[in-house]
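Single-letter residue listing:
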Amino acid sequence: MIRVAVISGKGGTGKTMVTAALAEILPGTLVLADCDVDAANLGLYLSPETTGSEPFMGMKKAMIDPETCTSCDTCREHCRFGAVVAKDGNYQIDPFRCEGCGVCVLVCPAGAVALHDHRAGEVISSRTSRGNLVSAKLEPGEGNSGLLVHAVKARAVRDNPDRDLFLIDGPPGTGCPLISTASGTDAVLIVTEPSVAGIHDLERVVAVCRRFKPRIFVAINRFDLDCGHAKAIEDWCRQQGLIVIGTIPFDPAVLSHAREGIPVTRDSDAPAAQAIRSIAERLQTEVTPHGT
Amino acid sequence: MKLAVASGKGGTGKTMVAANLAAVLAGTEPVTLVDCDAEAPNLHLFFPAVSTSRDVTLPVPVINRELCTMCGKCAEFCQYGALTALADRLLFFPELCHSCGGCMLICPDHAISEEKKRIGSVTLATPARQLRLITGRLDIGGSQVVPVIRAAKEAAGPGGNIIYDCAPGTSCPVVETLEGCDACILVTESTPSGLHDLRLAFNVTAKLGVPAGVVINRSDGNDQPVLDFCVEQDLDVLLIIPFDREIAAIQCGGHLLAREQPAWEKSFLALWQKCRALTGRQAP
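Here the structure is a predicted model, which is why all the values come from computation and not from measurement.

Undergrad: Now, about the overall build of chain A: what can you tell me, with residues and values included?
TA: Secondary structure assignment for chain A yields ten helices and 13 strands. Here chain A holds 292 residues, and the buried ones make up 58% of them. Counting contacts in chain A only where the partners sit at least 6 residues apart, residues at least 24 apart contribute 76% of the total. Looking at chain A as shown, the accessible area adds up to about 11600 Å², and 49% of this sits on carbon and sulfur atoms.

Undergrad: I'd love a proper account of the overall build of chain B, names of residues and values included.
TA: Within chain B one finds eleven helices and eleven strands. Burial analysis of chain B (284 residues in total) assigns 56% to the buried set. By sequence separation, contacts in chain B at least 24 residues apart represent 73% of the contacts at least 6 residues apart. Accessible surface for chain B amounts to roughly 11400 Å². Of this, 52% is attributable to carbon and sulfur atoms. For chain B, the centre of its 24 positive side-chain charges and the centre of its 30 negative side-chain charges are spaced 4 Å apart.

Undergrad: Help me get a handle on helix α9 (residues 245-252) of chain B, residues and values and all.
TA: Within α9 of chain B, burial applies to I247, A248, I250 and C252 of chain B. Structurally, α9 of chain B contributes buried residues whose contacts are with α7 (196-209) and α8 (227-240) of chain A together with β11 (236-242), α10 (257-260) and α11 (263-278) of chain B. Two or three places before E246 of chain B, at the start of α9 of chain B, stands the capping residue D244 of chain B, its side-chain oxygen 2.8 Å from that residue's backbone nitrogen. After α9 of chain B finishes, the residue G254 of chain B shows a positive phi value of roughly 80 degrees.

Undergrad: Quick rundown of the sheet that holds strand β10 (residues 165-169) of chain A? Include the residues and the values.
TA: All names here are of chain A. The nine strands lie next to each other as β3-β8-β9-β2-β10-β1-β11-β12-β13, forming an open sheet whose pairing is mixed. At either margin of the open sheet sits one strand with a lone partner, and together these are β3 (49-57) and β13 (243-248). Shown here is a sheet whose adjacent strand axes are inclined to one another by a mean of 20 degrees, direction ignored. Where strand β1 (residues 2-7) and β10 come together, five bridges link them in parallel fashion. Across the sheet, the residue bridging to A5 is I168, located in β10. Packed on one face of the sheet, α8 meets β11 (187-192), β12 (215-221) and β13 and runs near 170 degrees to β12.

Undergrad: So what about the side chain of T185 of chain A? Which residues, and what values?
TA: Residue and element names in this part refer to chain A. Locating T185 in the fold gives a position in the loop between α6 (176-182) and β11. For T185, a relative accessible area of 10% puts it in the buried group. In this structure the side chain of T185 is engaged in a polar contact, spanning 2.6 Å, whose partner is the backbone oxygen of A182.

Undergrad: A description of the interface of chain B and chain A should follow, citing residues and the corresponding values.
TA: Each side of the interface is counted separately: chain B has 59 residues, and chain A has 57 residues. Roughly 4500 Å² of surface becomes buried between chain B and chain A when both sides are summed, with 58% attributable to carbon and sulfur atoms. On the chain B side of the interface with chain A, the three residues burying the most area are E39, I140 and C252 of chain B, jointly 15% of the side's total. Summed over the shared surface of chain B and chain A, the number is five salt bridges. For D224 of chain A, the salt bridge identified is with R245 of chain B, shortest N-O distance 3.7 Å. Here chain B is connected to chain A by 28 residue pairs in polar contact (both at pLDDT 80 or more). Elements represented by at least two residues in the side of chain B that touches chain A include exactly α2 (43-46), α4 (102-106), β7 (131-138), α6 (172-178), α7 (192-208) and α9 of chain B.

Undergrad: Quick one: what's the story with the sheet that holds β11 of chain B, residue by residue and with numbers?
TA: Residue and element names in this part refer to chain B. Spatial ordering of the open sheet is given by β3-β6-β7-β2-β8-β1-β9-β10-β11, a layout of nine strands whose pairing is mixed. Strand pairing shows two members of the sheet lacking a second neighbour, β3 (51-63) and β11, which therefore form its edges. Neighbour-to-neighbour, the strand axes of the sheet open up by a mean angle of 20 degrees, direction not taken into account. Sheet topology note: the strand β1 (residues 2-6)/strand β8 (residues 161-165) ladder contains four bridges and is parallel. Considered in β8, the bridge of A4 is made with Y164. Those strands touched by α11 are β1, β8, β9 (183-189), β10 (212-219) and β11, and its axis lies near 160 degrees from that of β11.

Criteria and cut-off values
- Starting afresh in each chain, residues are numbered from 1 along the sequence in its written order.
- For this description, chains carry letters from A and ligands carry numbers from 1, given in the order in which they are written.
- Where local features are concerned, this predicted model is filtered to residues with pLDDT of at least 70; where side-chain atom pairs are given and counted, the filter is 80 or more; whole-chain, interface and lining totals use all residues.
- With hydrogens and water excluded, all non-hydrogen atoms of the structure serve as input to the side-chain values.
- Strands are runs of DSSP state E lasting at least two residues, helices are runs of H or I lasting at least four, and both sets are numbered from the N terminus onward.
- Here's how the labels work: a residue is buried when its accessible area is under 20% of the maximum for its type, exposed when over 50%, partly exposed in between, all with a 1.4 Å probe on protein chains only.
- Contact definition: two residues touch when any of their heavy atoms are within 4.5 Å.
- Exposure was quantified through the Shrake-Rupley algorithm and a 1.4 Å probe, taking into account, for residues, occlusion by the shown protein chains and nothing else.
- Counting rule for charge: Lys and Arg are taken as positive, Asp and Glu as negative, and neither His nor the chain ends is counted.
- To locate a charge, take atom NZ for lysine, CZ for arginine, CG for aspartate or CD for glutamate.
- Whenever two N or O atoms come within 3.5 Å, that pair is a polar contact, provided that in protein one can donate a hydrogen and the other can accept it, and provided that, for residues adjacent in sequence, both atoms are side-chain atoms.
- The criterion for strand pairing is that DSSP finds at least two bridges linking the strands in question.
- The convention used is that axes are lines fitted to C-alpha atoms, helices contributing only their stretch in contact, and that angles between N-to-C directions extend from 0 to 180 degrees.
- As a working definition, buried area equals the accessible area (1.4 Å probe) given up by two parts on being put together, with both sides summed.
- Note on definitions: salt bridges are taken to be side-chain nitrogens of Lys or Arg within 4 Å of carboxyl oxygens of Asp or Glu.

Distances and angles like these do not, on their own, reveal function.
Here's what the structure looks like:
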């Protein structure tokens, strides 16, 4: 199974739109994952039917038993995350700040603190016309997005081991969730935009990806909004030995298809659809067993 | 006023709104702009200026192999798998460490001390007379973004006008940024993804008790679903910025809309005043 993650660095460059559009037209059997676990949008293009879900247990959270607590303040002194809140002698743990390290449990002389399992979100399996999709919902304000990304990918592979292609819609950013998304992939397709911010974040995300050694492809979305910066990106990629796999023009069809909840490549000869078809063809040649 | 600019969905225009608000406000009163999108900070691109930088570090354990008796208690204690006891040695994985200090506390042989490990930086600049820019930046390959955001907020100090540019998403980097804020602008776009993620982001501001208002960016006039959501949740629509290729080009080029099209200066000043008005209201 070939594994390709669509990522970006900067948010809003068009990762999800491109992932959905590619899923629509890439040949072979697919399994899909939405690893933008904070704000999963891939399903908005694919009309998924939920087939199951399982809870995601994130970091444990500490809780103080008010009956046993002697308000000695030892826990608050030792907590490095500012998670112990003392109000009028009543001690409580702020679950947003608690990282489940267990230090408060360790140091409490009264045995008043314990770690409890904590449901931080869920992993959702669904069916789409192009293959199964695994996505997630992280409860607002939760941490551990990297772990949840890992759980989504693991589930997708476990339940669909025999697919030709594992196509992943990644999160924005360059930190833990992105690292978790990109690790173990054969290739990443970085969708960027022709802006100073797009270029800046492209450089950062490439630097992160180089630690894993997937093949790196770059697609410039909405390139005609600023051809000068689009060319700067192409020049930079060439200098870095990175393949610019395609450029997609700004196209009102992208928005109209999104509002209808379908990929732009469905029944469409719109310029963006044509550009993504070329990208799909090129991607196939580059990453399929015959192409590599 | 401490004002956060968040969104849920990436790329809706948080940085654009934060940058222009700060630039315009600095014309009349001092303001600090804090880039809390520490995985991919972009504000500095709009305000080129000489800057100074300092490290953000986290304490990580150092094991004294002479004193260590391989009892394995530290590995057993660690909730993150950062310490693993093999038959003949202890392995430490710094990228998994949360710097809680627990291993040091539990070691019966006092074999664990700590050293500082750099995870990122905080950069300070003064691009204009009444404008300070503070940028939190996670090191490439780093995984602990929340401490970097915390350090950036600390560098901004507690008082005065502060505008925080949030990361996209709804998880702990956003919560860290929002904590302690008086109000939050939720920037959205009139697309199904924009609205979907606006709902999630609004959940976070509501959970934290931070009053919020909405800015619709890149509007093509078909904003009804977002407007309906705002009515349903009693959210003020503070500003609508139309889709316009010229505005897009200004943003792409790293320029400020309020400078390139001065008519927008009034709109951003009005936005600031509307956010002030939000702080007087109860959060849901």
